[in-house]
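Notes for the structure review
Each chain, letter by letter, is given below.
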Amino acid sequence: MNVDRSDRDEAQMIASILAGDKEQYHDLIRPYERSVYKMALSFMKNDADAEDVAQEAFLKAFRKLADFRGHAKFSTWLISITLNEARRRLRRASAVPMESIDQTAEEGGHVSPALLRDWREVPSEALERKEIREILIEAISHLSPIYREVFVMRDVEEFSIDETAAALTITPGTVKVRLHRARMMMQNELAPKLKNANPRRRWFQWS
Amino acid sequence: MVIECKHVWNYLSDYLDDSLSPETKELVQRHLEHCEICSAILDSTRNIVVLTADDRVFELPVGYSERLHARLAREMGGDAAKAREDTGD
């Protein structure tokens, strides 16, 4: 996560909060509001539920703050609380699970990328268009949970391999394997769709 | 030593993260130099990773931050918060 911590002493802030200065919690979490929401939305699929999960996660983190011993980074700890909250909601929501939320086994089979020759880079300005953002979010939601959580931590939140491993309590090797498969699945689904997303070509594609 | 496309695909994710051994990295690089398809797969995967990391993809709902801090203020039980906003729940 790209948070500039140069002028923040989070350990000191946490100590003050635990000593009774609760107001400081507002400042402590401010840099992480966005990443917690993104993680929540990757799992909940609608804004209202994602916001609810984000709020619960921040409250739980506050209540459990005394358990945070600085063995992990606060951001990593916070994101794993968010993930647990999202999993808890999904479990509760699906009496008959549509997908196994706690799946730990690696899924078998080889993931092949989409084969292209004529890839033209999609410029980031394309993200100004809602349909492009929706295509990306939808592709993330199509990943099964074990791949989605790794992909979101690493490629959406930009945690390192080791931070991702720590937050998910899996080995760095497992992170790499799942990340590889997740990226190939994303490429496989998205490359054919985004091939036509170059702004200069859109009218030929959709008119 | 020459490697096939299918083997190159297995290395693409680590290649993007620059976590391959120097020997493997060179093998992959040499393959990419002459293989249009693997180059396109690498470019498209890298492009997708760049796009998904962009903050514009996930829009925060309007008022999200305000609602979050209001709820925290209510439920953290701080004295200042209580005085400001005593809703009784």
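The structure under discussion appears in the preceding block.
This write-up is about the structure you can find in this document. (Residues numbered from 1 in each chain as written. Chains lettered and ligands numbered in written order. Predicted model: local features only at pLDDT ≥ 70, side-chain atom pairs only at ≥ 80, totals over all residues. Heavy atoms only, no water.)

**Overview of the overall build of chain A**
A tally of regular secondary structure across chain A gives 10 helices and 0 strands. Reading the secondary structure of chain A in the N-to-C direction produces α-α-α-α-α-α-α-α-α-α. Taken over 207 residues, chain A has a buried fraction of 51%. Taking the intrachain contacts of chain A between residues at least 6 apart in sequence as the baseline, contacts between residues at least 24 apart amount to 69%. (Helix = DSSP H or I, 4+ residues; strand = E, 2+ residues; numbered from the N terminus. Buried < 20%, exposed > 50% of the residue type's maximum accessible area, 1.4 Å probe, protein only. Contact = heavy atoms within 4.5 Å.)

**A closer look at the packing of helix α3 (residues 33-44) of chain A against helix α4 (residues 47-63) of chain A**
All names here are of chain A. With their axes 8 Å apart at the nearest point, α3 and α4 run at an angle of 130 degrees to one another. The orientation of α3 with respect to α4, classified from their angle, is oblique. Remark: the crossing between α3 and α4 carries right-handed chirality. Contacts between α3 and α4 involve E33, V36, Y37, A40, L41 and M44 from the first element and D47, D49, A50, E51, V53, A54, A57 and F58 from the second. Each residue belonging to the contact of α3 with α4 can be placed in one class, and the counts come to 10 nonpolar, no polar and 4 charged. (Axes fitted to C-alpha atoms, helices over the stretch in contact; angles between N-to-C directions. Parallel < 35°, antiparallel > 145°, perpendicular 65-115°, else oblique. Left-handed = near helix turned anticlockwise from the far one by under 90°. Nonpolar A, V, L, I, M, F, W, Y, C, P; charged D, E, K, R; others polar.)

**With respect to the interface of chain B and chain A**
Between chain B and chain A, the contact holds 44 residues from the first and 57 residues from the second. Carbon and sulfur atoms make up 62% of the area that chain B and chain A hide from each other, which totals about 4900 Å². Of all residues in chain B, R56(B), F58(B) and M76(B) give up the largest surface area on contact with chain A, accounting jointly for 16% of the area buried on that side. Summed over the shared surface of chain B and chain A, the result is 9 salt bridges. Among the ionic pairs, D17(B) bridges to R183(A), the shortest N-O distance being 3.1 Å. The interface formed by chain B and chain A holds 21 residue pairs in polar contact (both at pLDDT 80 or more) in total. (Buried area = accessible area lost by both parts, 1.4 Å probe. Salt bridge = Lys/Arg side-chain N within 4 Å of Asp/Glu carboxyl O. Polar contact = N/O pair within 3.5 Å; in protein donor to acceptor, adjacent residues only side chain to side chain.)

**Some points on helix α9 (residues 172-194) of chain A**
For α9(A), built from 23 residues, the straight-helix expectation of 33 Å at 1.5 Å per residue is met to within 8% by its first-to-last C-alpha distance of 30 Å. At N188(A), α9(A) shows its largest kink, close to 30 degrees, and the proline P192(A) lies no more than four residues downstream. (Expected span 1.5 Å × (residues − 1). Bend = angle between axes of the 7 residues up to and from the residue.)

**Examining the packing of α9(A) against helix α3 (residues 36-52) of chain B**
Put simply, α9(A) and α3(B) touch, their axes get as near as 9 Å, and they point 95 degrees apart. Regarding the angle of α9(A) to α3(B), the classification is roughly perpendicular. Between α9(A) and α3(B), the residues in contact are R183(A), M184(A), M186(A), Q187(A), L190(A), A191(A) and L194(A) and I41(B), S44(B), T45(B), I48(B), V49(B), L51(B) and T52(B), respectively.

Without other data, these values stay purely geometric and don't point to any function.
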